[in-house]
Amino acid sequence: AQKITQTQPGMFVQEKEAVTLDCTYDTSDQSYGLFWYKQPSSGEMIFLIYQGSYDEQNATEGRYSLNFQKARKSANLVISASQLGDSAMYFCAMSTSGSARQLTFGSGTQLTVLP
Amino acid sequence: GAGVSQTPSNKVTEKGKYVELRCDPISGHTALYWYRQSLGQGPEFLIYFQGTGAADDSGLPNDRFFAVRPEGSVSTLKIQRTERGDSAVYLCASSLRPLYEQFFGPGTRLTVL
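A few points on the structure.

### Section: the pairing of strand β6 (residues 46-52) of chain A
All names here are of chain A.
Reasoning step 1: In terms of residue burial, β6 counts as a mostly covered element, since 5 of its 7 residues are buried.
Reasoning step 2: Note that strand β5 (residues 32-39) and β6 share 6 bridges and pair antiparallel. Pairing of Phe35 across the sheet is with Tyr50, part of β6.

This is the structure:
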């Protein structure tokens, strides 16, 4: 079975500062993918970034980067230069080769960017 | 191009009624997923289609829930004899390839009175 743990129910960050959202995972599969999604108050799930378990480089997408530490089973999301529009719920998720590709989500972190 | 669409956006029904929720995936995406999201929680997997067949329906909570995808594109999630505990946002997602990103629709908010 797969499990995603997000230990920060809420986070605050000052506009233009960087913030790290924590995510740890548990799986016995060797092949898996890690994802971060953003869910604004409107409700839609927006894909942000993906990291494959065999990728040696940390994934980056614009202001988003994924700090992948395989031995520690962590996949933290780093948002640089926070903007007011970044205020939202953020979900870490995992898909494994043994789980029919379904996504297993964490409980989420509510990020608030302060002006 | 068009994203994943879901209809209706909101559905209010009475306990015991039957409901159908529709999902239209991104064109060309063979994989389609249904999730359910309760307030304050992350989405929970319900069922996964690869093409027309349900490759994994292990997340369906009971036999009141059923989903079809007869032509490998549009999918319908069907809930019989709805209960108040079925109230949630039902999300549909599609993916071009397994283990890669899934793109979500806006969801259907189901309220069972």
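### Here's the deal with the sheet that holds strand β3 (residues 19-24) of chain B
All names here are of chain B.
Reasoning step 1: Across the sheet, which stays open at both edges, the 4 strands sit in the order β1-β3-β8-β7 with antiparallel pairing between neighbours. A single partner strand is all that each edge strand has here, and the edge strands are β1 (5-7) and β7 (65-68). Pairwise comparison of adjacent strand axes, ignoring direction, gives a mean angle of 15 degrees for this sheet.
Reasoning step 2: Note: β1 against β3, 3 bridges, orientation antiparallel. Looking across to β3, one finds that Gln6 is bridged to Cys23.

Conventions adopted
Residues numbered from 1 in each chain as written. Chains lettered and ligands numbered in written order. Predicted model: local features only at pLDDT ≥ 70, side-chain atom pairs only at ≥ 80, totals over all residues. Heavy atoms only, no water. Buried < 20%, exposed > 50% of the residue type's maximum accessible area, 1.4 Å probe, protein only. Helix = DSSP H or I, 4+ residues; strand = E, 2+ residues; numbered from the N terminus. Pairing = 2+ DSSP bridges. Axes fitted to C-alpha atoms, helices over the stretch in contact; angles between N-to-C directions.

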